[in-house]
Amino acid sequence: MQAESTRHVQILLQKMIKLPPIQAQTLLRRIPPSVLDSIIPHFSNSSPILTVLYESLIDIYVKSGQINMGLQWYVRMKEQEIEVKPNTLNPLLKAMVMENEGFEKAWRVFDGEKGKVKLDEYSYGIMIKGCCEAKKMGKAFEVLDRMRETGFEPNVVVWTSLIDGCCKNGEIDRARELFERMEEMGMAPNQHTYTVFINGLFKNGLKKDGFWMFERMKESGVLPNLYAYNSIMNVLCDDGKVSRAFVLFDEMLERGVDCNVVTYNTLVGGLCRQKQVAEAEELVGRMKQRGLSPNLITFNILIDGCCGVRNFDKAMSLFHQIVSEGLLPSLVTYNVLLSGFSKVGDLTMALNLLREMEVRGIRPSKVTYTILMDAFIRCDNLEKAFEIYSSMMKDGLTVDVCTIGALINGLCAKGNMKEASRLFQSMAEKQIKPNDLIYNMMISGHCKERNSYRALKFLREMREKRMVPNAASFRLTIEGLCNDGKQKEAEMLISGPSGSF
């Protein structure tokens, strides 16, 4: 009976290794793990069927998302001293590096097999990309060295991964060196190389270099792809240069580059920030004509734009349209509306939205609480603002510089500098660094309370922290010092070098 069962399983296994992964997975479920364990010893280690079986099992489990099971069979394959080929190891490595927190697992396998398993250029490429994604640039360059020692030269894909990794890790000079080295080696950067480098330059605040690289890309005969255009247009719109962004948009259409929702959202956002909400709505109409459906981000941008021009009827109309489009309002949607109504002092509507949001099961975030605190401060209700602050703390949310800043602003406006100072000092306990806005609030508050010496103290702190006080802070402090008879200190601020005070 057992011999017959064994033969039956062997037939199933032979069928399984010839099937596509999904069908093979279905067939594999018909074989209990204990039976599979008992069958494998019947094959000799040199049996081609056993090799193919292990390779197929690893492949099936990896493609079905059961990476740990694939890894277990890989380990067993190694224990039986069966040769592991790169085309078996590579998908497993790739799956592990793509898995959440799976890089360390992949690294242990890769590093542990040094000299034991034959690797190919793709094995090294997978690990270099994995190191870059995990921000382990030291290991990425270690793998690059090992790759070259083995006789493989990195291709464009590997160089691009390294450039992208350096950019994301803030090592922009190193990324630039790699880019230049590629060209010195006669290796032409492709669309993806240029795009990641341009995006990296922008993300690291080097806008001029990013624009220059975009032009260089076109001069080199490499046509920008969708992602390069989106990256450039996003920076232009953020800088208020919407008309220039539309020039690129027209160029995309002329070249036949398909735009996506991100393209339109970028332009819609740019128009809304310029208060051109009607034009933004018109663009969304053109987007629909091209077969693209607005997503929740599109609606959030439009609602924010309507709130910015105080067209709250239209904002609420768009809010209700979200559901009719088969979408659900998010925390961001509610925060945008709460902020809009709060800024015009409509606390009734803001609180109604807050209740509706909680009924939908959406918990307020620290942004929500900060918006409400700011709203009550604007309405001269500091007591309610501090109640919301207490509720935020009870909910276990961590305060940030914006939250504290809203309260300090309210206290300074009220002339309650004792409480403002207490809150300012609590920032150090909470490990929150005050920004220049908060320093300027404290300076203004102390000056209004005719305490110019404290204002001067904050000015000096700003200078020590390499912050630049605004003009109002200088003017108010100088006036305060003069009114308090501290002419010498005032003159030092007026005539002395900025570092002298």
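The structure reproduced in this document is the subject of the present report.

Reading the values: rules and limits
Residues numbered from 1 in each chain as written. Predicted model: local features only at pLDDT ≥ 70, side-chain atom pairs only at ≥ 80, totals over all residues. Heavy atoms only, no water. Helix = DSSP H or I, 4+ residues; strand = E, 2+ residues; numbered from the N terminus. Buried < 20%, exposed > 50% of the residue type's maximum accessible area, 1.4 Å probe, protein only. Contact = heavy atoms within 4.5 Å. Areas by Shrake-Rupley, 256 points an atom, 1.4 Å probe, with all protein chains shown as cover. Patch = residues over 30% accessible without salt bridge, like charges linked within 9 Å, V, L, I, M, F, W, Y side chains within 5 Å. Salt bridge = Lys/Arg side-chain N within 4 Å of Asp/Glu carboxyl O. Lys, Arg positive; Asp, Glu negative; His and termini not counted. Charge placed at Lys NZ, Arg CZ, Asp CG, Glu CD. Core = buried A, V, L, I, M, F, W, Y, C linked by side-chain atoms within 4.5 Å. Axes fitted to C-alpha atoms, helices over the stretch in contact; angles between N-to-C directions. Parallel < 35°, antiparallel > 145°, perpendicular 65-115°, else oblique. Left-handed = near helix turned anticlockwise from the far one by under 90°. Nonpolar A, V, L, I, M, F, W, Y, C, P; charged D, E, K, R; others polar. Expected span 1.5 Å × (residues − 1). Arc of directions from axis to C-beta.

Once that is clear, we can look at the overall build of the protein chain. Across its full length, the protein chain carries 29 helices and 0 strands. Every one of the 501 residues in the protein chain was classed for burial, and the buried ones make up 48%. Restricting to contacts in the protein chain with at least 6 residues of sequence separation, those with at least 24 account for 57%. When the accessible surface of the protein chain is summed, it comes to about 26,100 Å², and 51% of that surface belongs to carbon and sulfur atoms.

It is worth spelling out a negative patch on the surface at this point. On the surface, Asp173, Glu177, Glu180 and Glu184 cluster together into a patch of negative charge. Among the secondary structure elements, Glu184 is positioned in helix H11 (residues 172–184).

By size, the foremost hydrophobic cluster in this structure holds 152 residues, and its most contacted members are Leu162 and Ile408. For this core, the element with the highest residue contribution is helix H14 (residues 226–238), accounting for 8 residues. The residues touching Leu162, leaving out its near neighbours within four places in the chain, are Ile128, Cys132, Met137, Ala140, Phe141, Leu144 and Leu178.

At their nearest, the axes of helix H17 (residues 277–289) and helix H18 (residues 296–308) sit 10 Å apart, and the two run at 160 degrees to each other. In this view, H17 runs roughly antiparallel relative to H18, as classed from their interaxial angle. In this structure, the crossing between H17 and H18 has a hand that is left-handed. The residues of H18 that touch H17, namely those facing Val277, Ala280, Glu281, Val284 and Met287, are Thr298, Leu302, Gly305 and Cys306. Its residues assigned to classes, the contact of H17 with H18 shows 6 nonpolar, 2 polar and 1 charged.

Let us now look at helix H19 (residues 312–324). Between the first and last C-alpha of H19 there are 19 Å, a value that for 13 residues agrees with the 18 Å anticipated at 1.5 Å per step. Along H19, the residues classified as buried are Phe312, Ala315, Met316, Leu318, Phe319 and Ile322. Projected down its long axis, H19 shows its buried positions confined to an angular sector of 155 degrees, all on one face. With respect to the buried face of H19, the exposed residues turned more than 90 degrees away are Asp313, His320 and Ser324. Looking at the buried positions of H19, the neighbouring elements they touch are H18, helix H20 (331–343) and helix H21 (347–359). Of the residues trailing H19, Gly326 is marked for its positive phi of about 85 degrees.

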